[in-house]
Amino acid sequence: VQLWRCRCRALLSRPAGRLRAHRDLTAGPEMHFGFQTVTEEERREKIYQVFESVAKKYDVMNDSMTLGIHRVWKDILMHKMNPCPGTLLLDVAGGTGDIAFRFINYVSSARERQLQRKLKYHQNLSWQEIFESYQKDKFNSLGDSQVVVCDINREMLKVGKQKAQHLGYSEGLSWVLGNAEELPFDNDKFDVYTIAFGIRNVTRIDLALQEAYRVLKPGGRFLCLEFSHVSNPLLSRLYDLYSFQVIPVLGEVIAGDWKSYQYLVESIRQFPPQEELKAMIEDAGFFKVDYENLNFGIVAIHSGFKL
């Protein structure tokens, strides 16, 4: 009994800081959710709820927040990729299909140019041969190219599928529910991996980068389009003013959701700057890693290769 009392007194006499530290360990590692500090599991749940909430208004809000410039940024990403017919693309966190649809359009145009060059240099083809070539191309307009859209959020995928149906995209397109940190794909499977405005919302960026490396074929390319850090001090202040004073208001007016867009703005400020993300991509095993700033670093495209 005396021994038990001594142990109790010893426990109660421990510094409060040690007790707090013990509670923190049981709660799991702390992470940022915007400017809040939360556990890893809390962050994962909160981010899922954000995108579940904004899914239906996601495209409208992107146009409103960026004045439509996000479309140009995504076009630049596609031109930087420059996919050829036969490319197998994995687009992660691409639930609403913006990158996938651009990929299909780009590859279809490349395929059409291939056919035109073929016919141009074979002037002696008969009308029937020309007709058959066009018919064949009509049923294989992507040249065996495929794009797999992978997203962790069911609502985002649902919106993407509805858009694809409405816009007439079906060939060479598939949708998969999956986590960027634990992709449901085999090793060495894809030619290109893209993630546009998604890696910022991944709970463990290091795991997502390792998974990107794993699923790419040797020689495959990693491309990431993401909001980044503005270097110009004056522009940075104006950008902050717009971000914190305007974007949450737009979120409330358009999507009826102030908090989700407040988080999105805060998450941009917490995201690693360009050089730090470049180092993380290199740590995952990628080579020839570089980045291109767009609009003074408001966004950046990071690129790397699995060699």
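One can find the structure itself at the top, above this paragraph.
To start, this report covers the structure provided alongside it.

Reading the values: rules and limits
Residues numbered from 1 in each chain as written. Predicted model: local features only at pLDDT ≥ 70, side-chain atom pairs only at ≥ 80, totals over all residues. Heavy atoms only, no water. Helix = DSSP H or I, 4+ residues; strand = E, 2+ residues; numbered from the N terminus. Buried < 20%, exposed > 50% of the residue type's maximum accessible area, 1.4 Å probe, protein only. Contact = heavy atoms within 4.5 Å. Areas by Shrake-Rupley, 256 points an atom, 1.4 Å probe, with all protein chains shown as cover. Pairing = 2+ DSSP bridges. Right-handed = clockwise from strand over helix to strand, strands pointing away. Arc of directions from axis to C-beta. Axes fitted to C-alpha atoms, helices over the stretch in contact; angles between N-to-C directions. Polar contact = N/O pair within 3.5 Å; in protein donor to acceptor, adjacent residues only side chain to side chain. Phe/Tyr/Trp six-rings, centres within 6.5 Å; stacked < 30°, edge-to-face > 60°. Lys NZ or Arg CZ within 6 Å of the ring centre and 35° of its normal.

Brief notes about the overall build of the protein chain
Looking only at helices and strands, the protein chain features 13 helices and nine strands. The buried share of the protein chain, reckoned over its 307 residues, is 45%. For the protein chain, the share of sequence-separated contacts (at least 6 apart) that also reach a separation of at least 24 residues comes to 74%. Total accessible area on the protein chain is roughly 16700 Å²; 54% of this is exposed by carbon and sulfur atoms.

So, the pairing of strand β5 (residues 173-177)
Bridging between strand β4 (residues 146-151) and β5 involves five bridges; their strand directions are parallel. Note on β5: the bridge partner recorded for Val147 is Leu173. Between the parallel pair β4 and β5, the chain is carried across by helix α8 (residues 154-167), and the sense of this crossover is right-handed.

Topic: unusual backbone geometry
Despite not being glycine, Asn82 has its phi angle at roughly 50°, a positive value. Looking at the secondary structure, you find Asn82 in the loop between α5 (69-81) and β3 (88-92). What makes Asn82 partly exposed here is its relative accessible area of 49%. The phi dihedral of Asn295 is positive, around 50°, even though this residue is not glycine.

Description of helix α13 (residues 274-283)
Looking at α13, one finds that the buried residues are Gln274, Leu277 and Ile281. All buried residues of α13 fall inside an arc of 70° around its axis, so they share one side. Its buried side turned inward, α13 meets α9 (205-215), β7 (216-227), β8 (287-294) and β9 (299-305). Following α13 by one or two positions, Gly285 adopts a phi angle in the positive range, close to 115°.

Re the sheet that holds β8
Backbone-to-backbone hydrogen bonds join strands into a sheet, with any given pair of strands oriented parallel or antiparallel. Strand order in the open sheet made by the seven strands is β5-β4-β3-β6-β7-β9-β8, with mixed pairing throughout. Edge positions in the open sheet fall to β5 and β8, since each of these has one partner strand only. With strand direction ignored, the average angle separating the axes of adjacent strands in the sheet is 15°. The strands touched by α5 are β3, β6 (190-196), β7, β8 and β9; relative to β7, the strand with the most contacts, the crossing angle is about 160°. In the packing of α8 onto the sheet, the strands contacted are β4 and β5, and the crossing angle to β5 comes to about 165°.

Observations concerning the environment of Gln274
Mapped onto the secondary structure, Gln274 falls in helix α13. Along the backbone, Gln274 and Glu292 are 18 residues apart, and their C-alpha atoms lie at a distance of 9.1 Å. Leaving out residues up to four positions away in the same chain, Gln274 has contacts with Ser228, His229, Tyr291, Asn293, Gly297, Ala300 and His302. At 3.0 Å, the side chain of Gln274 forms a polar contact with the backbone oxygen of His229.

Topic: the packing of aromatic side chains
Across all of its chains, the model carries nine aromatic pairs by this definition. Plain terms: the ring middles of Trp73 and Phe197 are 6.2 Å apart, the flat faces sit at 50° to each other, and that makes the pair tilted. Of this pair, Trp73 sits in helix α5 while Phe197 sits in the loop between β6 and α9; the two residues are 124 residues apart in sequence, bridging distant segments of the chain. Per residue, the accessibility class of Trp73 equals that of Phe197, and both read buried. Here the aromatic rings of Trp73 and Phe227 are separated by 6.1 Å at their centres, their planes lie at 90°, and the arrangement is edge-to-face. Here Trp73, found in helix α5, pairs with Phe227, found in strand β7; they are 154 residues apart in sequence, far enough to count as distant. Side by side, Trp73 and Phe227 carry an identical accessibility label, which is buried. Here a set of aromatic residues connected by ring pairs shows up, and it is made of Tyr193, Tyr213, Phe222 and Phe286. When the ring centre of Tyr239 is taken as reference, the NZ or CZ atom of Arg269 above it lies at 4.7 Å. Its guanidinium or amino end placed over the ring of Tyr213, Lys306 lies 4.9 Å from that ring's centre, counting from NZ or CZ.

Shape descriptors only; they carry no functional weight alone.
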